Amino acid sequence: MTASSLTPMLTVKDAVAAIEFYGHAFDAVEQARFTAPTGHVVAELAIDGLRFFVVDENPEAFNLSPKSLEGTSVRINLIVDDPDATAARAVRTGAREIFPVADQPYGLRQGRIADPDGHHWLLGKPLED
């Protein structure tokens, strides 16, 4: 079986605020937005063409944010041209630094931030030989 796409869906407490954060922190562009009759927002975003969804928390549908779970088990690995600048911009926009961007022994210059909803983002780029 071959997968034709893999698109993360990030559950958040406030999708509208998350859309704004991702736009400022990662230059994410909103592709589409749907608001359900219940008021829950589902939005498709893209960072340099890489798609992901942001959805409002909905406990009745078993969709809980890291804030409600008090943690996360998923890390999102985003390769960018300048991880230092991207991490700094994300922190200025409201993210929390988990570990600073530095050269790692596994061949990446990488750091980790937690976005305002608690999703962990690894921001990095391959080290030059």
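Residues numbered from 1 in each chain as written. Predicted model: local features only at pLDDT ≥ 70, side-chain atom pairs only at ≥ 80, totals over all residues. Heavy atoms only, no water.

A. Structural view of the sheet that holds strand S1 (residues 9-12). A sheet is described by the order of its strands in space; here four strands give the open sequence S1-S4-S3-S2, paired in mixed fashion. Edge positions in the open sheet fall to S1 and strand S2 (29-35), since each of these has one partner strand only. Pairs of neighbouring strands in the sheet enclose a mean axial angle of 20 degrees, with direction left out of account. Sheet topology places S1 next to strand S4 (residues 50-56); four bridges connect them, and they run parallel. Each bridged residue has a counterpart across the sheet, and for Met9 the counterpart in S4 is Phe53. (Pairing = 2+ DSSP bridges. Helix = DSSP H or I, 4+ residues; strand = E, 2+ residues; numbered from the N terminus. Axes fitted to C-alpha atoms, helices over the stretch in contact; angles between N-to-C directions.)

B. Highlighting the packing of helix H1 (residues 15-26) against helix H3 (residues 83-93). Running from amino to carboxyl end, H1 crosses H3 at an angle of 145 degrees, the nearest separation of the two axes being 8 Å. Seen from above, H1 lies across H3 with right-handed handedness. Facing Phe21, His24, Ala25 and Phe26 of H1, the residues of H3 in contact are Thr86, Arg89, Ala90 and Thr93. Grouping the amino acids of the contact of H1 with H3 by side-chain chemistry returns four nonpolar, three polar and one charged. (Left-handed = near helix turned anticlockwise from the far one by under 90°. Contact = heavy atoms within 4.5 Å. Nonpolar A, V, L, I, M, F, W, Y, C, P; charged D, E, K, R; others polar.)

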